[in-house]
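# Notes for the structure review
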Amino acid sequence: MIRYTKPDGATGTLNAEQYAKTYEELTDLGYKWDFSEFNKVVGGKIAPLFQKAIKLQGKFGPKNMFVLTARPPQAAKAIFDFLKANGLNIPIENITGLGNSTAEAKALWIADKVGDGYNDFYFADDALQNVQAVQNMLDQFDVKSKVQQARVKFSKNMDTEFNDILENITGIESKKRFSIIKGRKRGESKGKFRYFVPPSHEDFVGLLYNFMGKGREGDKHRDFLEQALVRPLNRANRELDTARQSVANDYKALNKQFEDVKSKLTKKTPDGDFVFQDAIRVYLWDKHGHKIPGLSETDQTKLAELVMSDPQLQAYAETLNIISKQENYVAPTDGWNSGDIRMDLDDATGRIGREQYFSEFIENADIVFSEENLNKIEAGYGEGVRESLEDMLYRIKTGRNRPSGSNKQVNKLMNFLNGSVGTVMFFNMRSALLQQMSIVNYINFADNNIFAAAKAFANQKQYWADWSFIFNSDMLKQRRGGIQTDVNGAELAASLRNSKNPTRKLISKLLELGFLPTQIGDNIAIATGGASYYRNRINTYLKQGMSQKEAEAAAFTDFQDTTQSTQQSARPDMVSKQQASVIGKVILNFQNVTSQFNRLGKKAFQDIYNRRITKPNTTQMQSDISNASRITYYFAVQNLIFYTLQTAMFAMLFDDDEEDVNNLFLKKRERLINGSIDSVLRGTGLIGGVVATLKNVAIAFARQRDVNYNPDESAVIVEALNLSPVIGIKARQVVNAEKTLNYNKKVIDEMETFDIDNPQWSAVTNYVQTFTNVPLNRLYNKTQNVRQSLNNDHAAWERTLMFLGWSQYNLDLENKKMEEIKQDIKDKKKKLKKKKKKTNRFGPRIF
């Protein structure tokens, strides 16, 4: 126990956990601490990284290994004896009792060691604040370092607990084990009729919902799964975001420091076969003893010597090795020649470093979802749940959604189709605006209810400080630094980025640039909704006794977890097996958000039905009201708001003519209702997409049967092709181009060829965009929107909406220029007709 003395002389004790949570505040209040009980080691047990220390001792010896503890110096002998008894022979003089529990004390001790000449550190501590303080200190010095938080293993009884949960839910005895064949036989008839968001279309948390029982037992099951899997997963993703942003910042600083080298990176080396960044990479691989695939020893030596002959290039390379945060840079792969330094650094935190950040999750997942447990899961839930879990775990561990195919032609076809996503999203201002709907995702019925959120917003100074903090966080920088909100977009960008083809590189750049408004809108919505949530969650934790720093860290963790579970994301654990498959990437485009909403609504219904309390709610009634609101919002209100905005139905609010308002409403009502139904159907997965398509084909067929004049023969086919939105987009572009040329043939002949308003350019740009994925039609339409937004003939609100992306067609406005040309054509036709009649009347007659 830690003994304390208050300023008034009163004494008492705290255990280590109580002390860790309150020492900062109590020290500020004048409390004095006595650690004399820490002079002994009582009931000592080896910590999570003890075996790591043993391995390091075997490799390097214990001479430069140290124990740094908040215990008093007198505890050194007891610690020495305990370590020695367990095989770790750290010299007693290397055991330092600081008698000081602050993170700063440990950081300053590390700084002293830098002063002693140490330049390669490995530091581990179980307290996050100590890890962060030491990391911050080491970042200020030019030394090699690795800092890690040591966590007490939760895995000791994990397998037993999970099997107890399965027994509680399925009735299969906890101790019972199944072979793979017996599990398959037992589960053959199970789980076949789960059509509404089936296991193959669930995200990771949705799959875990299978293992939660009812009532308070179910709450305990949720707590176990969160502690064992969800929290380590979210923590790993947060650490990965931080690491990626750190590498990005370091690389940016490196290029700023070596501007001359930066300008040479893409230039040819003297032999003309490589570029200088190839030489830098080869130098680092050669230095670390790698054999580089496909490169002769002569070329490897020449490129390495080229770097060594230039002090600037060599200094750049050595610094690059440090910022990669890998001991031996990133090992070359068979396709290294199609990559570059940036891709190596991405690999350092992704392909290579991912295992380090996800080690706790992977270890726990391997225990919970062992082969034996997966056999039991298949026996209790059916093949679908098992296969979806295995697919999900594979993608989480590898950090990538499975590639489109191993065949080059398949991949090229997928890239071509995915290009439709890029062209639709290219500078899509409407999408950026519609992102703001997600602000309400942070409202709950607990500490950030609508009144608490309003109160937090009213404190404008604090609100905007929190907004800025969130907007500039590593998580949001990473989120807007790549296409992380769309599965198809992310896959296409990654594929094209690797290409050496200049055209494909250009399309990749256009794609990433085009997504920028949507990404910025997404970030603004997250910061706007999250700022009040973050502040109110801090206040909640402060009331629970946490210090300010602890409350802020815990609140930001909760904010990140809420964001990832409610916003669109291409993160592997947020993407279902269906979405990651080839067929899913063809049929489920643009369904990230609808899938996410259906999953959220389904989870809310399951919690109500099974009488579980959904966090952060604390009572069943509060939880039920919150979940009922979620179901209403995600299945109905969200869709109605989205399609009202998408179709510009709100435009009727600005129209004074009652007849026009009624016509506008009737025209768009069907699209709003049908679109809302489609959103729910398509959000359920592949089967829902097929049902929605069949429904729309039937509607189009019936509608065209009622048309007496000039029916649209392509309507039914286009609706059928809309089973795949990316194919449907390309089909509509071709059909629209053809209709434009056919319906406006006389108008086109009447207008100047290079008049931007000539309909032929709409057709031409549609064709080019369809077959090349260069977003020319998007640029053409954006240009027309901007021109119309500057037209004083329109009302101010109409001009504003057109600037934001709604077209004249969306707002039911006539194109006066086109109408005048059409009227001129009609007038000319009438005059010509009259002239012909006159000629026939008075012309020569033959009898």
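See above for the structure.
What counts as what
Residues numbered from 1 in each chain as written. Predicted model: local features only at pLDDT ≥ 70, side-chain atom pairs only at ≥ 80, totals over all residues. Heavy atoms only, no water. Core = buried A, V, L, I, M, F, W, Y, C linked by side-chain atoms within 4.5 Å. Buried < 20%, exposed > 50% of the residue type's maximum accessible area, 1.4 Å probe, protein only. Helix = DSSP H or I, 4+ residues; strand = E, 2+ residues; numbered from the N terminus. Contact = heavy atoms within 4.5 Å. Polar contact = N/O pair within 3.5 Å; in protein donor to acceptor, adjacent residues only side chain to side chain. Phe/Tyr/Trp six-rings, centres within 6.5 Å; stacked < 30°, edge-to-face > 60°. Lys NZ or Arg CZ within 6 Å of the ring centre and 35° of its normal. Pairing = 2+ DSSP bridges. Axes fitted to C-alpha atoms, helices over the stretch in contact; angles between N-to-C directions. Salt bridge = Lys/Arg side-chain N within 4 Å of Asp/Glu carboxyl O. Patch = residues over 30% accessible without salt bridge, like charges linked within 9 Å, V, L, I, M, F, W, Y side chains within 5 Å. Areas by Shrake-Rupley, 256 points an atom, 1.4 Å probe, with all protein chains shown as cover. Lys, Arg positive; Asp, Glu negative; His and termini not counted. Charge placed at Lys NZ, Arg CZ, Asp CG, Glu CD. Parallel < 35°, antiparallel > 145°, perpendicular 65-115°, else oblique. Left-handed = near helix turned anticlockwise from the far one by under 90°. Nonpolar A, V, L, I, M, F, W, Y, C, P; charged D, E, K, R; others polar. Right-handed = clockwise from strand over helix to strand, strands pointing away.

Counting 34 residues, the largest nonpolar core has Phe-162, Phe-204, Phe-211, Leu-229, Phe-361, Phe-369 and Ile-377 as the members making the most contacts within it. Elements supplying a minimum of two residues to this core: α6 (158-170), α8 (204-208), α9 (215-257), α16 (359-368), α17 (371-381) and α18 (383-398). Residue contributions to this core peak at nine residues, all from α9. Beyond its immediate sequence surroundings of up to four residues, Phe-369 is in contact with Phe-162, Phe-204, Leu-208, Phe-211, Leu-229, Leu-374, Ile-377, Leu-389 and Leu-393. In this structure, Ile-280, Trp-285, Tyr-316 and Leu-320 belong to the second largest nonpolar core, which totals 29 residues.

Take Arg-395: it is sitting in helix α18. On the basis of relative accessible area, Arg-395 is assigned to the buried category, the value being 0%. Within polar-contact distance, the side chain of Arg-395 engages the backbone oxygen of Pro-572 at 3.0 Å.

Here we come to the packing of aromatic side chains. Applying the stated criterion across every chain yields a total of 28 aromatic pairs. A ring pair is formed by Tyr-118 and Phe-121, whose centres lie 6.5 Å apart and whose planes are at 55°; its orientation type is tilted. The exposure class of Tyr-118 is partly exposed, given its relative accessible area of 28%. A connected cluster of aromatic rings, assembled from ring pairs, spans Tyr-442, Phe-469, Tyr-533, Tyr-534, Phe-556 and Phe-559. Directly above the ring of Phe-276 sits Lys-264, whose terminal nitrogen or CZ lies 4.6 Å from the centroid.

Spatially, the three strands line up as an open sheet ordered β2-β1-β3, and their pairing is antiparallel. Looking at strand neighbours, the two that pair on one side only are β2 (11-14) and β3 (32-34), the edges of this open sheet. The average undirected angle you get between the axes of adjacent strands in this sheet is 30°. As paired elements, strand β1 (residues 2-5) and β2 share four bridges and run antiparallel to each other.

Moving on, we come to the pattern of salt bridges. Counted by the stated rule, this structure contains 34 salt bridges. We note a salt bridge from Asp-219 to Arg-216, for which the minimum N-O separation is 2.8 Å. Of this pair, Asp-219 and Arg-216 are both found in helix α9, three residues apart, which corresponds to roughly one turn of the helix. Since its relative accessible area comes to 42%, Arg-216 is described here as partly exposed.

This paragraph deals with a positive patch on the surface. Taken together, Lys-52, Lys-55, Lys-59 and Lys-146 make up a surface patch of like positive charges. A total of three residues in the positive patch trace back to one element, the largest contributor, which is helix α2 (residues 50-60). Note that Lys-52 resides in helix α2.

In the contact formed by α9 and helix α14 (residues 341-349), the axes pass within 9 Å of each other and the chain directions differ by 150°. Between α9 and α14, the interaxial angle falls into the category roughly antiparallel. The interaxial crossing formed by α9 with α14 has right-handed handedness. For the pair α9 and α14, the contacting residues are Leu-240, Ala-243, Arg-244, Val-247 and Tyr-251 in the first and Ile-341, Arg-342, Leu-345, Asp-346 and Thr-349 in the second. Classifying every residue of the contact of α9 with α14 gives six nonpolar, one polar and three charged.

A few words on the packing of helix α4 (residues 103-115) against helix α5 (residues 128-139). The geometry of α4 relative to α5 is characterised by a closest axis approach of 8 Å and an angle of 35° between their N-to-C directions. When the axes of α4 and α5 are compared, the crossing they make is right-handed. Within the contact between the two elements, α4 uses Ala-103, Lys-106, Ala-107, Leu-108, Ile-110, Ala-111 and Val-114 and α5 uses Gln-129, Asn-130, Ala-133, Val-134, Met-137 and Leu-138.

Both strand β6 (residues 120-125) and strand β7 (residues 144-149) contribute to a ladder of six bridges, which runs parallel. Bridge pairing in β7 places Asp-125 opposite Gln-149. In this view, the connection linking β6 to its parallel neighbour β7 by way of α5 has right-handed handedness.

Attention shifts here to unusual backbone geometry. In the segment running from Lys-615 into Pro-616, the intervening peptide bond is cis, with an omega of 10°. Along the polypeptide, Pro-616 turns up in the loop between α30 (592-609) and α31 (620-646). Positive phi, close to 50°, is recorded for Val-197, a residue that is not glycine. Considering the arrangement of structural elements, one finds Val-197 in the loop between α7 (180-186) and α8. Note on Val-197: relative accessible area 0%, which makes it buried. With a phi close to 55°, Arg-611 is a non-glycine residue in the positive phi region. You can see Arg-611 is positioned in the loop between α30 and α31. Since its relative accessible area comes to 36%, Arg-611 is described here as partly exposed.

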